[in-house]
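Okay, here's what each chain looks like letter by letter:
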Amino acid sequence: MKSSITLGGGGIAVRRAVARDAKRLTRLVRGSRAYEGPYAAMVAGYRVGPDYIEAHEVFVAVDTDDPAGRVLGFYSLVLVPPELDLLFVADGTQGRGIGRLLVEHMKAEARAAGLDRVRVVSHPPAEGFYRKVGALLTGTASANPPAVAWDRPELEFLIV
């Protein structure tokens, strides 16, 4: 499935991630302001490798006006068990509808795969975003020190 939107005169398209995107996706995760301060340890050594991209449904939002196809955000859908594992939007491009576009694309991919729901264990500051785009709060995932030292909201997208 190919999705695209036009925002502020520029175009954004969603495409399947490829192995050569791995370093850019890793930089996007590690550089996210959402993971500063007490959350920094969680992504400090995080890596989105080519093997991860091949094993999961990973899609990127790219700037269609940029000849290099600048990555503006991405998500990863794990099919078994169904979970939105990662969703990041580049800091300088948040608030432009890219996250919403990625969620809609993810839901369409989940539907095409025959899924009826997709779980999300959210970074606490992202809970409001997920609820705005239709996820329902289902519980709390307990802290798992030392990797994750805080409880996280657990949500679910119903795929209809």
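Read on for an overview of the structure. Keep in mind that what you see is a predicted model, and the values were worked out from it rather than measured.

## Re helix α4 (residues 98–112)
Working step 1: End to end, α4 covers 21 Å across 15 residues, agreeing with the expected 21 Å (1.5 Å per residue, within 8%).
Working step 2: Among the residues of α4, Ile98, Gly99, Leu101, Leu102, Val103, His105, Met106, Lys107, Ala108, Glu109 and Ala110 are the ones counted as buried.
Working step 3: Residue Gly114 follows α4 closely and has a positive phi angle near 85 degrees.

## Quick notes on the nonpolar core
A general trend in soluble globular proteins is that nonpolar side chains are found buried together.
Working step 1: In this structure, Leu84, Val118 and Phe157 are the most contacted members of the largest nonpolar core, which totals 25 residues.
Working step 2: Of all the secondary structure elements, the ones that give two or more residues to this core are β2 (10–16), β3 (57–63), β4 (71–78), β5 (83–89), α4, β6 (117–121) and β8 (152–158).
Working step 3: Beyond its immediate stretch of four places on either side in the chain, Phe157 contacts Leu84, Val103, Met106, Lys107, Asp116, Arg117, Val118, Val120, Tyr130, Val133, Gly134 and Ala135.
Working step 4: If you look at the next biggest cluster of nonpolar residues, it comprises 22 residues, including Tyr35, Val43, Tyr52 and Phe74.

## Thoughts on the packing of aromatic side chains
Working step 1: Scanning the model with the defined rule gives six aromatic pairs in all.
Working step 2: When the ring of Tyr39 is compared with that of Trp150, the centres are 4.6 Å apart and the planes differ by 80 degrees; the resulting orientation is edge-to-face. One end of the pair, Tyr39, is in the loop between α1 (22–30) and α2 (40–43); the other, Trp150, is in the loop between β7 (136–141) and β8, and 111 residues separate them in sequence. In this structure, Tyr39 and Trp150 share a single accessibility class: buried.
Working step 3: Considering the side-chain rings of Phe74 and Phe88, the 5.9 Å spacing of their centres and the 10 degrees angle between planes classify their relative orientation as stacked. You can see Phe74 sitting in strand β4 and its partner Phe88 sitting in strand β5, a full 14 residues away along the chain.

How each quantity is defined
- Residues numbered from 1 in each chain as written.
- Predicted model: local features only at pLDDT ≥ 70, side-chain atom pairs only at ≥ 80, totals over all residues.
- Heavy atoms only, no water.
- Helix = DSSP H or I, 4+ residues; strand = E, 2+ residues; numbered from the N terminus.
- Expected span 1.5 Å × (residues − 1).
- Buried < 20%, exposed > 50% of the residue type's maximum accessible area, 1.4 Å probe, protein only.
- Core = buried A, V, L, I, M, F, W, Y, C linked by side-chain atoms within 4.5 Å.
- Contact = heavy atoms within 4.5 Å.
- Phe/Tyr/Trp six-rings, centres within 6.5 Å; stacked < 30°, edge-to-face > 60°.

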